[in-house]
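Observations on the model geometry
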Amino acid sequence: MIRLAETADALRPLCGSAFGCPILSAAAAYGFSRPFAQFWTDGAAAYGMLDGVMRIAGTVADPEEARAFLGAVGAAQVVCSAENGARLGLHVTERGAVLEKALSGTAASPAEPVPVRAVYDVLAANDMAGEFEPFYLDLSHRLRHGAARASVLYAGGEAVAAAVAALAGENALVTAVAVLPARQNKGYGGAVLRAVEEQLGGRRAYLLRAEHENERFYARRGYVPCGAWCAGVLE
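The model shown is predicted, which means the values in this text are computed figures rather than measured ones.

1. Quick notes on helix α5 (residues 116-125)
Those residues of α5 not exposed but buried are V116, A118, V119, Y120, V122 and L123. If you follow the buried residues of α5, they end up packed against α6 (132-144), β7 (148-155), β8 (158-168) and β9 (171-179).

2. A look at the sheet that holds strand β1 (residues 3-4)
The mixed open sheet is built from 11 strands, whose spatial order is β1-β2-β3-β4-β5-β11-β6-β10-β9-β8-β7. The open sheet has two free edges, formed respectively by β1 and β7, since each of these has just one partner strand. Note: strand β5 (residues 77-81) against strand β11 (residues 224-234), 4 bridges, orientation antiparallel. Considered in β11, the bridge of C80 is made with C230. Strand contacts of helix α7 (residues 188-200): β6 (90-102), β7, β8, β9 and β10 (204-210), with the helix running at about 145 degrees to β7, the strand carrying the most contacts.

3. Regarding the nonpolar core
Counting residues in hydrophobic clusters, the biggest one holds 40 residues, and the most contacted among them are V119, V174, L193, L200, Y218 and Y223. The element that contributes the greatest number of residues to this core is β8, accounting for 8 residues. Other than its neighbours up to four places away in sequence, L193 contacts V174, V177, F217, Y218, R221 and Y223.

4. Observations concerning the packing of helix α2 (residues 20-30) against α6
The interhelical angle for the contact between α2 and α6, taken along N-to-C directions, is 85 degrees, at an axis separation of 9 Å. Regarding the angle of α2 to α6, the classification is roughly perpendicular. Taken together, the residues of α6 that come into contact with α2 (itself represented by P22, S25, A26, A29 and Y30) are L137, D138, H141 and R142. Among the residues forming the contact of α2 with α6, the class breakdown is 5 nonpolar, 2 polar and 2 charged.

What counts, and at which threshold
- Residues numbered from 1 in each chain as written.
- Predicted model: local features only at pLDDT ≥ 70, side-chain atom pairs only at ≥ 80, totals over all residues.
- Heavy atoms only, no water.
- Buried < 20%, exposed > 50% of the residue type's maximum accessible area, 1.4 Å probe, protein only.
- Helix = DSSP H or I, 4+ residues; strand = E, 2+ residues; numbered from the N terminus.
- Contact = heavy atoms within 4.5 Å.
- Pairing = 2+ DSSP bridges.
- Axes fitted to C-alpha atoms, helices over the stretch in contact; angles between N-to-C directions.
- Core = buried A, V, L, I, M, F, W, Y, C linked by side-chain atoms within 4.5 Å.
- Parallel < 35°, antiparallel > 145°, perpendicular 65-115°, else oblique.
- Nonpolar A, V, L, I, M, F, W, Y, C, P; charged D, E, K, R; others polar.

Rendered as structure tokens:
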């Protein structure tokens, strides 16, 4: 039976994956008493919904129950493994490869607070961010609570590249890497990815790469496929 999770300990055993990272990051940032951030588990899968987007880690053992649950809680979009998407019969709108990389070293602390506005401007220029205020509130909150890391790269006084990662114990999910369109193909993407990796230390880093996009970019930087993901809605 799918039931509310009231502590991170109820979620953690099921969240050692790319799909569990954003669930644990949201739980660390917002806790378990906010109406817009809710978490559930049935012992086989962990569910985390933030602002209508449901993420699923683990294995959907009872697809019929899970579909009824997703409908009842009003999940507007579901992000999960391709296998769970097939079990749920999702109408898939996005898909791609899950990538991973074992990082080495000790996590480096940012030299100064990350300017969230600069992160937003770079992502928005690539259609990777919605409205500014909710983006600012969410990322600022996660950074303050140690649930995320971010890096910005400047050239000529202008923010030209940005990267963001969600933290989850020994794992992390790189949720965004972007370069201003006019500044692409100049090495800024690789540089800002390295910068955020340095803040992740010896964690295992994951990425959800969109289908047929940036394959060589991430392969050259040591990321290897370890599965497939999808996003979609219930049919």
